[in-house]
Amino acid sequence: MSTPLRLGTRGSALALAQSQMVASAVTASSGVPVELVPIVTPGDRSSAPVARLGVGVFVSALRDALLANEIDFAVHSYKDLPTGEHPGLHIAAVPQREDPRDALVARDGKTLAELPPGATIGTGAVRRIAQLHALGLQLQVTPIRGNVDSRIARVLGPEADLDAIVLARAGVVRLGRAAEITETLDPMLMLPAPAQGALAVECRSGDADLVELLGALDHAPSRAAVTAERAMLATLEAGCSAPVAAHAELAEGEHGDEIYLRGAVISPDGARAVRLSRTGTPADAAEIGKALAADLLEAGADTLMGSTE
């Protein structure tokens, strides 16, 4: 191929940084040039909370452009994708995942435990809000939206109005601002969103040559971990609308690699939570996720539906 491949991307600084990483990797592995095609999504045009906008709000326009042959492939933050497979489209690669944990950016270099009672802490995710409430630190949790730079400015900028924010570590790192992280949060305190830190490289399923070319970027351990987390989420979605968190790790076991998957469903006010785990082999990643979801539901996760703050 001498004609550049067209890579569709959202226009935010983080999306462009992520897409450029993938574009460079595609060119390095195949020699094929790649050009970025920025696309505005409904989520970019709205200031409403993400939870109200709905799943897939940041990916629908990219997928429409793929199906219309306006671009050749797209890069998504995997956690933004709906869990159901899209007919006609294929996740050709899951590149090596960035650290999936959440991060704290606080004034004066403080950690979460060092924030005084009444400190204002901002985050955009109901999952994080619920877990912050569950910690019982007497913090004032404020829902916020905006890109990574504008969120950090609310803590460290000249017009800062918050004491701290919690956001995905991966995005801060990819924008080269890791030095401003004051604490990377232990998953025992703040379990990440399913697929957080992972990218999905998507193309048309019928484009066999491109599926093969992009497949060179696939990182099997990252794909297995994300598969387990999203299978858990997909199974819970049928009967659970409360904040859901999951974190899968691959480790060497007695009989080869094993997946250790932790999952949680938390009431929005943080008062109640069901937290469980499962282990298995990477080949059974999807089944591990489904089984853990069934365990969570059996333990009462479905009773957290409709909880209010």
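These lines cover the structure that appears in this document, whether it is placed above or below. (Residues numbered from 1 in each chain as written. Predicted model: local features only at pLDDT ≥ 70, side-chain atom pairs only at ≥ 80, totals over all residues. Heavy atoms only, no water.)

## Notes on the packing of helix α9 (residues 220-237) against helix α10 (residues 285-298)
Right, so step 1: Where α9 contacts α10, the two axes come as close as 7 Å, and the packing angle between them is 35 degrees. Like other packed secondary-structure pairs, α9 and α10 cross with a definite hand, here right-handed. Along the contact surface, α9 presents A224, T227, A228, A231, M232, T235 and L236, while α10 presents A285, A286, G289, K290, L292, A293, L296 and L297.
Right, so step 2: Within the contact of α9 with α10, the residues separate by chemical class into 11 nonpolar, three polar and one charged. (Axes fitted to C-alpha atoms, helices over the stretch in contact; angles between N-to-C directions. Helix = DSSP H or I, 4+ residues; strand = E, 2+ residues; numbered from the N terminus. Left-handed = near helix turned anticlockwise from the far one by under 90°. Contact = heavy atoms within 4.5 Å. Nonpolar A, V, L, I, M, F, W, Y, C, P; charged D, E, K, R; others polar.)

## Brief notes about helix α1 (residues 13-30)
Right, so step 1: Across its 18 residues, α1 extends 26 Å between first and last C-alpha, which sits within 8% of the 26 Å expected from 1.5 Å per residue.
Right, so step 2: Turning to α1, its buried residues number three or more, namely L14, A15, Q18, S19, V22, A23 and V26.
Right, so step 3: Two residues or fewer after α1 comes G31, characterised by a positive phi angle close to 80 degrees. (Expected span 1.5 Å × (residues − 1). Buried < 20%, exposed > 50% of the residue type's maximum accessible area, 1.4 Å probe, protein only.)

## Remarks on a negative patch on the surface
Right, so step 1: A cluster of acidic residues, E252, E254, D257 and E258, forms a negative patch on the protein surface.
Right, so step 2: By relative accessible area, which is 72% here, E252 ends up exposed. (Patch = residues over 30% accessible without salt bridge, like charges linked within 9 Å, V, L, I, M, F, W, Y side chains within 5 Å. Areas by Shrake-Rupley, 256 points an atom, 1.4 Å probe, with all protein chains shown as cover. Salt bridge = Lys/Arg side-chain N within 4 Å of Asp/Glu carboxyl O. Lys, Arg positive; Asp, Glu negative; His and termini not counted. Charge placed at Lys NZ, Arg CZ, Asp CG, Glu CD.)

## A word on the layout of surface pockets
Right, so step 1: In this model, the second largest pocket occupies a volume close to 500 Å³.
Right, so step 2: Forming the boundary of the second largest pocket are 21 residues, of which Y78, T83, E85, I91 and R230 lie nearest the centre.
Right, so step 3: Listing elements by their share of the lining of the second largest pocket, those giving two or more residues are β4 (89-93), α9 and α10.
Right, so step 4: If you tally residues by element for the lining of the second largest pocket, the top one is α9, at seven residues. (1 Å grid on protein atoms, 1.4 Å probe; cavity = no way out; pocket = protein on both sides within 12 Å on 5 of 7 lines; lining within 4 Å. Points joined across faces, edges and corners; volume = space filled by probe spheres on them.)

## Description of the nonpolar core
The nonpolar side chains of a soluble globular protein tend to be buried, and buried together.
Right, so step 1: If you look at the biggest cluster of nonpolar residues, it comprises 21 residues, and the most contacted ones within it are M232, L236, I259, L261, V265 and L296.
Right, so step 2: Within the residue set of this core, elements represented by two or more residues are α9, β11 (244-253), β12 (256-266) and α10.
Right, so step 3: Top contributing element to this core by residue count: α9, with six residues.
Right, so step 4: Contacts of L236, omitting those with residues within four sequence positions, involve V244, V265, A293, L296 and L297. (Core = buried A, V, L, I, M, F, W, Y, C linked by side-chain atoms within 4.5 Å.)

## Considerations on the sheet that holds strand β13 (residues 273-280)
Right, so step 1: Strand order in the open sheet made by the three strands is β11-β12-β13, with antiparallel pairing throughout. Here the strands that pair on one side only, and so sit at the sheet edges, are β11 and β13. With strand direction ignored, the average angle separating the axes of adjacent strands in the sheet is 15 degrees.
Right, so step 2: Contacts between α9 and the sheet are confined to β11 and β12, with β11 contributing the most and set at about 145 degrees to the helix.
Right, so step 3: Strands in contact with α10 are β12 and β13; relative to β13, the strand with the most contacts, it is inclined by about 150 degrees. (Pairing = 2+ DSSP bridges.)

## Digging into the sheet that holds strand β1 (residues 5-9)
Right, so step 1: Read across the sheet, five strands follow the order β2-β1-β3-β10-β4 without closing on themselves; strand pairing throughout is mixed. Edge positions in the sheet fall to β2 (34-38) and β4, since each has one partner strand and no second. On average, adjacent strands in this sheet sit at an angle of 35 degrees to one another, irrespective of strand direction.
Right, so step 2: In this sheet, strand β10 (residues 199-204) lies alongside strand β3 (residues 73-77) in antiparallel orientation, the contact comprising five bridges. From the neighbouring strand, F73 faces β10, where its bridge partner is C203.
Right, so step 3: Here helix α4 (residues 60-67) sits on the sheet and contacts β1, β3, β4 and β10; the angle it forms with β3, its principal contact strand, is near 165 degrees.

## Focus on unusual backbone geometry
Right, so step 1: The backbone of D108 sits at a positive phi, close to 60 degrees, despite the residue not being glycine.
Right, so step 2: Tracing the backbone shows D108 in the loop between β5 (102-106) and β6 (120-123).
Right, so step 3: For D108, a relative accessible area of 70% corresponds to the exposed category.
Right, so step 4: Phi is positive for A195, close to 75 degrees, though the residue is something other than glycine.
Right, so step 5: Accessibility expressed as a relative area gives 0% for A195, which makes it buried.

## Remarks on the side chain of R128
Right, so step 1: Mapping R128 onto the fold places it in helix α5 (residues 126-134).
Right, so step 2: A relative accessible area of 6% means that R128 is categorised as buried.
Right, so step 3: Side chain to side chain, R128 and Q196 meet in a polar contact 3.4 Å long. (Polar contact = N/O pair within 3.5 Å; in protein donor to acceptor, adjacent residues only side chain to side chain.)

## Brief notes about the pattern of salt bridges
Right, so step 1: For the coordinates displayed, the defined rule picks out 17 salt bridges.
Right, so step 2: Between D102 and R128 there is a salt bridge whose closest N-O contact spans 2.7 Å. Here D102, found in strand β5, pairs with R128, found in helix α5; they are 26 residues apart in sequence, far enough to count as distant.
Right, so step 3: With its nearest N and O atoms 2.6 Å apart, the salt bridge here joins E180 to R177.
Right, so step 4: Taken together, the shared-partner salt bridges connect R6, D72 and R204 into one network.

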